[in-house]
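Spelled out from the first residue to the last, the chains are:
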Amino acid sequence: MIYNTKTGTLPLQDHYNHCIIGSGPAGLSLAITLAAAGRRVVLVEAGDREFTSESQIQYEGEVLGLDTHALDVARLRYLGGTTGHWTGRLLQFDPADFEPHDNVPLSGWPINHDDLSRYHDRAARFLGAPPFGRTRRPADDTGAVDIVTQHFSSADTIFDLRKDEPRRLGTYFANELERSTSIDTLLNANFTGFAVDTATGRITSATIQDYADNRYSISADSFVTAMGGIETSRALLHLNATYNDMFGNQGDMVGRCFMDHPRLDLGSYFITKRMFSPLPYFGAERLIHRAPQQMVLSPSPGHARQNHILNAGVWLNFPRRAPLSQDTIETAPFLRNLTFDKDYFFSGEAVLFSEQSPNPRSRITLTYQYDRFGLAKAALDWQLLPLDVATMRGTALAAAQFLIRNGLGRMQVEPNLWNSAPAEDIPFFSSSHHIGGARMGPDPSTSVVDENCRVHGAQNLFVSGAAVFPTSGFANPTYTLVQLAMRLADHLIAQPT
Amino acid sequence: MAVLSTLIERVFRCVDVMHNVEIMDSGDQKPLNRRGLLFMAVGLSIAVPAALATNVMLQRNLLPTVAEPSAVMVDGWVLDERDLSQTVATFSGE
């Protein structure tokens with residue numbers, strides 16, 4: 001059932017199996033999976049069914065470091081969470097993303113690609129995607145660049161769900177939550193803190209507060225924060241401020257290693273049809289739809305290691321069967337003599353998405369400003385390292401050289417990136433992928449949660465979401481965080497109640 | 001492939017139309033069926049070479065392959081040095 005604190009008192013049960021705070025993709029997928037296994041779940045959502053300013057304003061915070069979207073703009077605080085902003089892009093992490101890199105401190109996951117791949121179909125189904133596969137294969141004999149593609153069983157969905165309306169999880173699952181006898185969904189229920197048995201490190205209850213300042217206490221066997229990278233860090237920082245850093249902050253790591261995917265518009269590109277000819281799937285796709293598939297050019301793992309860069313990809317976005325615009329041609333004299341056979345060339349805009357290295361100085365902290373519930377607001381200090389800029393430059397250069405080497409096309413590269421200008425002169429911007437802050441690892445001195453997403457030092461407190469990612473890859477995080485949520489659900493189901 | 005599929009579709013459509021005419025005429029179907037098969041054979045003999053020729057055309061290099069590109073940036077574009085001197089001959093495919 002869905003209960004709204006705005007329209008009545010909450011008929012809370014005395015005790016639940018699981019209390020999940022946050023109804024975005026991480027919380028919803030976890031709640032629904034646990035309920036399907038017969039668990040009693042309470043799902044706590046701070047906002048309403050739809051957007052309200054009263055709730056959204058609670059997301060205000062400070063941006064201290066690199067310029068990024070305001071904290072109350074980049075996220076959404078209502079049922080379904082930030083899937084209200086979601087573009088629907090599903091991407092899988094590379095197997096190499098889980099491995100440690102010699103030149104990257106704090107890299108490597110305590111789990112590997114295979115640990116998540118068993119949740120592949122379930123995660124896709126939950127997110128409304130047909131089954132899909134992924135390939136990464138060498139683009140030419142040099143082995144420097146791979147072509148990364150994804151192919152869906154449905155001919156209507158190419159690479160992502162944006163051809164249809166991306167699935168807004170709150171809207172999509174509202175009826176299921178309304179009918180559910182296993183999930184109590186609480187709306188306009190603002191999480192304000194945990195009660196703790198300090199002798200055992202056990203969370204005994206979560207406190208929530210409504211907009212009429214009524215307070216409720218929720219008792220459960222386990223508690224999961226699924227509030228997104230920034231709010232999860234904020235909640236854990238508050239908890240540790242009260243309980244002497246005993247919850248995942250033994251190494252002062254809560255809020256640290258915040259990562260985003262720096263995104264950079266590289267400019268225009270054109271490619272020839274030969275780009276698609278070695279790939280049989282593209283041939284069939286083009287025959288059916290008369291439009292080419294998007295593809296990503298990414299440095300191969302070997303090339304990346306050899307050149308000391310991270311993972312990244314250049315999206316050849318939405319290739320169109322059209323010559324370059326006249327405006328673009330006018331900017332480049334060499335293009336004026338190019339014979340653009342309209343049945344031979346595709347053109348479009350190239351966009352680079354890059355991995356960011358885990359950097360303890362890139363972090364979420366608490367400010368001295370407070371929200372209406374008396375909790376300190378969050379501050380985001382997003383920082384990049386020279387390695388991150390080198391990754392963007394190395395990836396763009398590798399992609400451009402691949403096109404030249406094989407006679408497949410040409411592309412533009414942001415001139416400041418090409419000229420190795422300082423990071424502040426490169427016009428990259430945030431993808432609003434809030435990753436890290438509660439990183440996963442075996443060692444409490446360098447991580448916040450263990451391989452099962454349990455907070456170090458806590459018996460029954462877990463984190464679900466991209467906050468636990470130790471490294472960011474360059475794939476959009478939604479798909480992977482749903483895989484992780486389903487893995488966490490299996491872990492919780494295996495625990496005695 | 002697109003050209004091939006279009007041609008095959010047209011051949012089948014013609015055969016289908018002729019077959020319908022045959023039924024309406026309700027005469028001896030043998031000569032017309034033979035005519036349909038002949039038509040299809042002629043169609044395929046045109047379509048297959050056309051598809052192959054199209055494929056060859058699509059595979060041709062309008063842009064040069066460069067074993068070791070010496071990348072330079074010109075007006076925001078990453079080019080090989082030879083792009084600058086061979087522009088017309090190279091890109092026009094002549």
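Attention here is on the structure that accompanies the text. (Residues numbered from 1 in each chain as written. Chains lettered and ligands numbered in written order. Predicted model: local features only at pLDDT ≥ 70, side-chain atom pairs only at ≥ 80, totals over all residues. Heavy atoms only, no water.)

1. Quick word on the overall build of chain B
Okay, so step 1: The helix and strand inventory of chain B stands at four helices and two strands.
Okay, so step 2: Across the 94 residues in chain B, those meeting the buried criterion constitute 26%.
Okay, so step 3: In chain B, 46% of the contacts between residues at least 6 apart in sequence involve partners at least 24 apart.
Okay, so step 4: Accessible surface for chain B amounts to roughly 6,100 Å². Of this, 63% is attributable to carbon and sulfur atoms. (Helix = DSSP H or I, 4+ residues; strand = E, 2+ residues; numbered from the N terminus. Buried < 20%, exposed > 50% of the residue type's maximum accessible area, 1.4 Å probe, protein only. Contact = heavy atoms within 4.5 Å. Areas by Shrake-Rupley, 256 points an atom, 1.4 Å probe, with all protein chains shown as cover.)

2. Observations regarding the side chain of His261(A)
Okay, so step 1: Along the chain, His261(A) turns up in the loop between helix H7 (228–242) and strand E11 (263–272).
Okay, so step 2: Looking at His261(A), its side chain comes within polar contact range of the main-chain oxygen of Gly473(A), at 3.2 Å. (Polar contact = N/O pair within 3.5 Å; in protein donor to acceptor, adjacent residues only side chain to side chain.)

3. A look at the pairing of strand E3 (residues 41–44) of chain A
All names here are of chain A.
Okay, so step 1: Of the two faces of E3, both are covered, the one formed by Val 41 and Leu 43 as well as the one formed by Val 42 and Val 44.
Okay, so step 2: Read as a crossover between parallel neighbours, the route from strand E2 (residues 16–21) over helix H1 (residues 25–36) to E3 is right-handed.
Okay, so step 3: Of the strand pairs in this sheet, E3 and strand E7 (residues 183–187) are connected by four bridges, and their pairing is parallel. Across the sheet, residue Val 41 finds its bridge partner in E7, namely Ile 183. (Right-handed = clockwise from strand over helix to strand, strands pointing away. Pairing = 2+ DSSP bridges.)

4. Focus on the pattern of salt bridges
Residue and element names in this part refer to chain A.
Okay, so step 1: Enumeration according to the criterion identifies 17 salt bridges over all chains in this entry.
Okay, so step 2: Where Lys 377 meets Glu 60, a salt bridge forms, and the shortest distance between an N and an O atom there is 3.5 Å. A residue pair is termed long-range when its members are at least 10 positions apart, and Lys 377 in strand E16 (residues 376–381) and Glu 60 in the loop between helix H2 (53–56) and strand E4 (62–63) qualify at 317 residues.
Okay, so step 3: Salt-bridge contacts for Arg 263 lead to Asp 265; the nearest nitrogen and oxygen are separated by 3.5 Å.
Okay, so step 4: What makes Arg 263 partly exposed here is its relative accessible area of 26%.
Okay, so step 5: Salt bridges here are not isolated pairs; linked through shared partners, they connect Arg 75, Glu 231, Arg 234 and Asp 371. (Salt bridge = Lys/Arg side-chain N within 4 Å of Asp/Glu carboxyl O.)

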